[in-house]
Amino acid sequence: MSQSRQSDYPIDPLFTRRWSPRAFTGEHIQESTLLSLLEAARWAPSAFNAQPWRFIYGRSDTPSWQPIFDNLVEFNRGWAHRAAALIVVLSKKRYLAPGATESQENSSHSFDAGAAWASLAFQVTLSGWHAHGLGGFNPDGLRHALGIPEDYAIEAVIAIGKLGDKATLPEALQAREFPNARRPLSELVADGRFVFDE
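Residues numbered from 1 in each chain as written. Predicted model: local features only at pLDDT ≥ 70, side-chain atom pairs only at ≥ 80, totals over all residues. Heavy atoms only, no water.

Section: the pattern of salt bridges
Close approach of charged atoms lets side chains of opposite charge pair.
Part 1 of the reasoning: Per the stated rule, a full pass over the model turns up four salt bridges.
Part 2 of the reasoning: Where Glu39 meets Arg42, a salt bridge forms, and the shortest distance between an N and an O atom there is 2.8 Å. In this pair, Glu39 and Arg42 are both assigned in helix H2 (residues 31-42), three residues apart and thus about one turn of the helix distant.
Part 3 of the reasoning: Residue classification places Arg42 among the partly exposed positions, given a relative accessible area of 45%.
Part 4 of the reasoning: Glu150 is the partner of Arg143 in a salt bridge, and the nearest nitrogen-oxygen pair spans 3.7 Å. (Salt bridge = Lys/Arg side-chain N within 4 Å of Asp/Glu carboxyl O. Helix = DSSP H or I, 4+ residues; strand = E, 2+ residues; numbered from the N terminus. Buried < 20%, exposed > 50% of the residue type's maximum accessible area, 1.4 Å probe, protein only.)

Overview of a nonpolar patch on the surface
Part 1 of the reasoning: Side chains of Tyr9, Leu185, Leu188 and Val189 sit close together on the surface and give an oily, nonpolar patch of about 410 Å² of accessible area.
Part 2 of the reasoning: By the element assignment, Leu188 lies in the segment after helix H7 (171-174). (Patch = residues over 30% accessible without salt bridge, like charges linked within 9 Å, V, L, I, M, F, W, Y side chains within 5 Å. Areas by Shrake-Rupley, 256 points an atom, 1.4 Å probe, with all protein chains shown as cover.)

Details of the packing of H2 against helix H5 (residues 109-126)
Part 1 of the reasoning: Here H2 crosses H5 at 140°, and the two axes come no closer than 7 Å. It follows from the interaxial angle that H2 and H5 lie oblique. Of the two possible hands of crossing, H2 and H5 adopt the one that is right-handed. Within the contact between the two elements, H2 uses Ser36, Leu37, Leu38, Ala40 and Ala41 and H5 uses Ala116, Ser119, Leu120, Gln123 and Val124.
Part 2 of the reasoning: Broken down by class, the residue content of the contact of H2 with H5 amounts to seven nonpolar, three polar and no charged. (Axes fitted to C-alpha atoms, helices over the stretch in contact; angles between N-to-C directions. Parallel < 35°, antiparallel > 145°, perpendicular 65-115°, else oblique. Left-handed = near helix turned anticlockwise from the far one by under 90°. Contact = heavy atoms within 4.5 Å. Nonpolar A, V, L, I, M, F, W, Y, C, P; charged D, E, K, R; others polar.)

Considerations on the nonpolar core
Part 1 of the reasoning: Leu72, Trp79, Leu86 and Val157 are the most contacted members of the largest nonpolar core, which totals 22 residues.
Part 2 of the reasoning: Only helix H3 (65-70), helix H4 (74-80), strand S2 (85-92) and strand S6 (152-161) provide two or more residues apiece to this core.
Part 3 of the reasoning: If sequence neighbours within four positions are ignored, Leu72 has contacts with Arg77, Ala80, Leu86, Leu134, Gly136, Phe137 and Val157.
Part 4 of the reasoning: Judged by nonpolar contacts, the second largest core, of 19 residues, contains Ile29, Leu37, Ala84 and Val89. (Core = buried A, V, L, I, M, F, W, Y, C linked by side-chain atoms within 4.5 Å.)

Considering the side chain of His132
Part 1 of the reasoning: Along the chain, His132 turns up in strand S5 (residues 130-134).
Part 2 of the reasoning: A distance of 3.0 Å separates a polar side-chain atom of His132 from the backbone oxygen of Pro21.
Part 3 of the reasoning: Excluding residues within four positions of it along the chain, His132 makes contact with Ser20, Pro21, Arg22, Trp79, Trp117, Val157, Ile158 and Ala159. (Polar contact = N/O pair within 3.5 Å; in protein donor to acceptor, adjacent residues only side chain to side chain.)

Quick look at the packing of aromatic side chains
Part 1 of the reasoning: For the coordinates displayed, the defined rule picks out five aromatic pairs.
Part 2 of the reasoning: Relative to Tyr95, the ring of Phe48 lies with its centre 5.5 Å away and its plane at 20°, an arrangement referred to as stacked. Residue Phe48 is located in the loop between H2 and strand S1 (53-59), and its partner Tyr95 is located in strand S3 (residues 94-95); the two are separated by 47 residues in the primary sequence.
Part 3 of the reasoning: With a relative accessible area of 59%, Phe48 lands in the exposed category.
Part 4 of the reasoning: Overall, the relative accessible area of 10% leaves Tyr95 in the buried class.
Part 5 of the reasoning: Seen from their ring centres, Trp65 and Phe69 are 5.6 Å apart, and the 15° between their planes marks the pair as stacked. (Phe/Tyr/Trp six-rings, centres within 6.5 Å; stacked < 30°, edge-to-face > 60°.)

Observations concerning the environment of Arg5
Part 1 of the reasoning: Here Arg5 shows up in the segment before helix H1 (14-17).
Part 2 of the reasoning: Note on Arg5: relative accessible area 11%, which makes it buried.
Part 3 of the reasoning: Between the C-alpha atoms of Arg5 and Thr16, which are 11 residues apart in sequence, the distance is 6.0 Å.
Part 4 of the reasoning: Every residue in contact with Arg5, bar those within four places of it in the chain, is listed here: Thr16, Arg17, Arg18, Trp19, Pro179, Asn180 and Arg182.
Part 5 of the reasoning: There is a polar contact of 2.9 Å between the side chain of Arg5 and the backbone oxygen of Thr16.
Part 6 of the reasoning: One polar contact links the side chain of Arg5 to the main-chain carbonyl oxygen of Asn180, over a distance of 2.6 Å.

Right under this line is the structure:
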């Protein structure tokens, strides 16, 4: 683990232990194990408890895998083929407010789906697996292949697997296969007024 992952203030080590590798072993994952990981995402916070997140998964040893894998960009297919599961993260764009009779736009659907993804990522780490969220995919292809309605945003695809040897990656990716650092908290947080450099 990279020594550069040091927090500026005391936090639980889980937050610095979680990282996003690309080198996986190819080991399969049991459906019950995957559903346990997704259970953590179910308990994420959301505005009005609307719970807009949805997940479509494919395990590498099932037919559900191929339509998701086929719609990754070539770069991501080059390493994600060793993942145990691929999960498509969706968010429902509309919701029915408490007491309302008609649905309305949910301005926080993506934000709330992000909270669910974070919950999933931390549970993955706690369970001895690794997760890598990726944005390189064909959204139209996924929408068609998986039958996703237009009122759901396709937010990301997540690859889950057991950490493997970085030597299985192309040489250019091997050099990037380590837990990276973060900007100092002082560059991300301000007291009372916008002071950030662009």
